Amino acid sequence: MTSVANTAAAPARDPGALVDVQNLKIHFPILTGVFQTEAGRVRAVDDISFEIRKGETLGLVGESGCGKTTTGRALIRLRNPTAGKVFFDGRDLMSLSRGELRRMRRRMQIIFQDPYGSLNPRMTVGSIVSEPLETHHLSSGHRMDRVRELLALVGLNPNYTNRYPHEFSGGQRQRIGIARALAVEPEFIVCDEPISALDVSIQAQVLNLLVELREQFGLTYLFIAHDLSVVRHISDRVGVMYLGKLVELGPPTAIYESPGHPYTRALLSAVPIPDPKAERKRRRVILTGDVPSPVNPPSGCRFHTRCWLYERLGRPENCRTEDPPLRQIGDDHRAACHYAEDALKSDVGVAHLEDRVRRGTPAAVAARHEAAAQAAVPHEQGAGVAGTGE
Ligand SMILES: Nc1ncnc2c1ncn2[C@@H]1O[C@H](COP(=O)(O)OP(=O)(O)OP(=O)(O)O)[C@@H](O)[C@H]1O
Ligand code: SF4
Ligand SMILES: [Mg+2]
């Protein structure tokens, strides 16, 4: 086994970052009794650092309660940090005056998970979408034209401005939420599980819409999801959270094909593969036990109470005593595990390599195409000659 001392320096700050999160902590005090004394703290987010680069989609996944929403809200200053800093385009969000913060807010928006609860049922769609325009004094004089334009942009009938949210389906309501977020022409949008509450049949439509809008307007997204499979195809990088910590961060190839954190491998084990043969061969781990409480998280590595690698390695002491830092383990790939090198060598959670090579790699696909083209050549030549009519 290969353990790495807990001395890894934090990676240099990324000059291409639009959002830069440094040692962010968000703790919620638990107040009890008549005097509201602090009995403890929910360590919802506990010292995480990462960056979101301009124009990228960063997927953020993890089990319920691990701190995804709290992180997303802090990034647009809907939550104030207990400690640490969030920089947006180089500016520390906590250092902004009220006026500066209002102007900055125009550049950052949020789309909520619940398309039912996030729209005021007493407001018409026109007022919901035009509200941010009023707040930021935009499009005065032709606001309803702008609202109609936004509704059309998200695939809704532009004449629906006088309707109320209850007259729309879940997918349509989420489109209204997206139109509202786009109204102020933001650069950065926190998408907090925007498709989780929708029927499976319309999840793909809303996902496609978000991808199209990103291309059209050059948006940067933090895309929060429970499930690794949702963010796979839309993310430039994926971050994995566990109990208030960021435990792995990297491009999809690293996260889905050679994850360096045992927790990521456990999450991957739960993602079904549409290939029964590969599924049968896959080595999976089932996460046992409940997620520990963020009020009193385990010592050392927070995952050690559920970690299959810790058990396999004979319960090494440093897993219980030292909090592993998020360190570089590959090209643009970071993980917070003392034994990430051992995790990398394992094939737990990942689809069987041979099957992947045989069925899906670009080289295999190219070879199949070439073989098919070779086989078709005489036929095509014949068709070409016949087609000229000459
Ligand atoms: N306002 C609050 N006061 C106290 N505790 C809070 C508050 N908001 C969140 N928490 C707690 O902080 C932790 C992280 O919550 P958060 O909503 O960020 O998790 P999440 O990863 O988004 O979960 P889910 O996937 O269920 O949405 C949870 O234990 C939650 O109970
Ligand atoms: S540091 Fe130890 S307990 Fe934590 S994930 Fe790595 S092997 Fe498991
Ligand atoms: Mg959440």
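Residues numbered from 1 in each chain as written. Chains lettered and ligands numbered in written order. Predicted model: local features only at pLDDT ≥ 70, side-chain atom pairs only at ≥ 80, totals over all residues.

Visitor: Please clarify how the overall build of the protein chain should be interpreted in this entry.
Guide: In terms of regular secondary structure, the protein chain is built from 15 helices and 12 strands. Looking at the protein chain as a whole, 36% of its 390 residues qualify as buried. Counted over contacts in the protein chain with a minimum sequence separation of 6, partners at least 24 positions apart contribute 68%. (Helix = DSSP H or I, 4+ residues; strand = E, 2+ residues; numbered from the N terminus. Buried ≥ 20, exposed ≤ 12 C-beta atoms within 10 Å, placed from the backbone. Contact = placed C-beta atoms within 7 Å.)

Visitor: What exactly am I supposed to notice about the site of ligand 1 here?
Guide: The immediate surroundings of ligand 1 are formed by 13 residues, with Phe 28, Ala 44, Ser 64, Thr 69 and Thr 70 found nearest. Elements supplying a minimum of two residues to the shell around ligand 1: strand 2 (37–53) and helix 1 (68–75). Among the elements that make up the shell around ligand 1, the one with the highest residue count is helix 1 (three residues). Residues of the shell around ligand 1, tallied by class, amount to five nonpolar, seven polar and one charged. (Near = placed C-beta within 6 Å. Nonpolar A, V, L, I, M, F, W, Y, C, P; charged D, E, K, R; others polar.)

Visitor: Where do I start with the site of ligand 2 in this structure?
Guide: In the vicinity of ligand 2, the contacting residues are Pro 262, Cys 301, Phe 303, His 304, Cys 307, Leu 309, Tyr 310, Cys 319, Pro 324, Cys 337, His 338 and Tyr 339. Class assignment of the residues belonging to the shell around ligand 2 gives a composition of 10 nonpolar, two polar and no charged.

Visitor: For this particular structure, what's the right way to read unusual backbone geometry?
Guide: Negative phi values dominate among residues other than glycine, just as trans dominates among peptide bonds. If you check the backbone angles, Ser 139 has positive phi at about 50 degrees while not being a glycine. Assignment of secondary structure puts Ser 139 in the loop between helix 3 (125–135) and helix 4 (143–153).

Visitor: Looking at this structure, I do not really get the packing of helix 5 (residues 170–182) against helix 6 (residues 200–217). What am I missing?
Guide: As a packed pair, helix 5 and helix 6 sit with axes 10 Å apart at the nearest point and diverge in direction by 15 degrees. Judged on the interaxial angle alone, helix 6 and helix 5 are roughly parallel. Regarding helix 5 and helix 6, the two cross each other, and that crossing is right-handed. Contact with helix 5, carried on its side by Gly 171, Gln 174, Arg 175, Ile 178 and Leu 182, involves Ile 202, Gln 205, Val 206, Leu 209 and Leu 213 of helix 6 and no other residues of that element. Looking at the contact of helix 5 with helix 6, its residues break down into six nonpolar, three polar and one charged. (Axes fitted to C-alpha atoms, helices over the stretch in contact; angles between N-to-C directions. Parallel < 35°, antiparallel > 145°, perpendicular 65-115°, else oblique. Left-handed = near helix turned anticlockwise from the far one by under 90°.)

Visitor: Looking at this structure, how should I read the sheet that holds strand 5 (residues 91–92)?
Guide: Strand pairing in a sheet is mediated by backbone hydrogen bonds. Such pairs are either parallel or antiparallel. One open sheet accounts for four strands, arranged 2-1-4-5; its pairing is antiparallel. On the outer flanks of this sheet lie strand 2 and strand 5, each paired with one strand and no other. For strand 1 (residues 17–32) and strand 2, the ladder comprises 13 bridges, and the chain directions are antiparallel. The residue of strand 2 that forms the bridge with Ile 26 is Val 45. (Pairing = 2+ DSSP bridges.)

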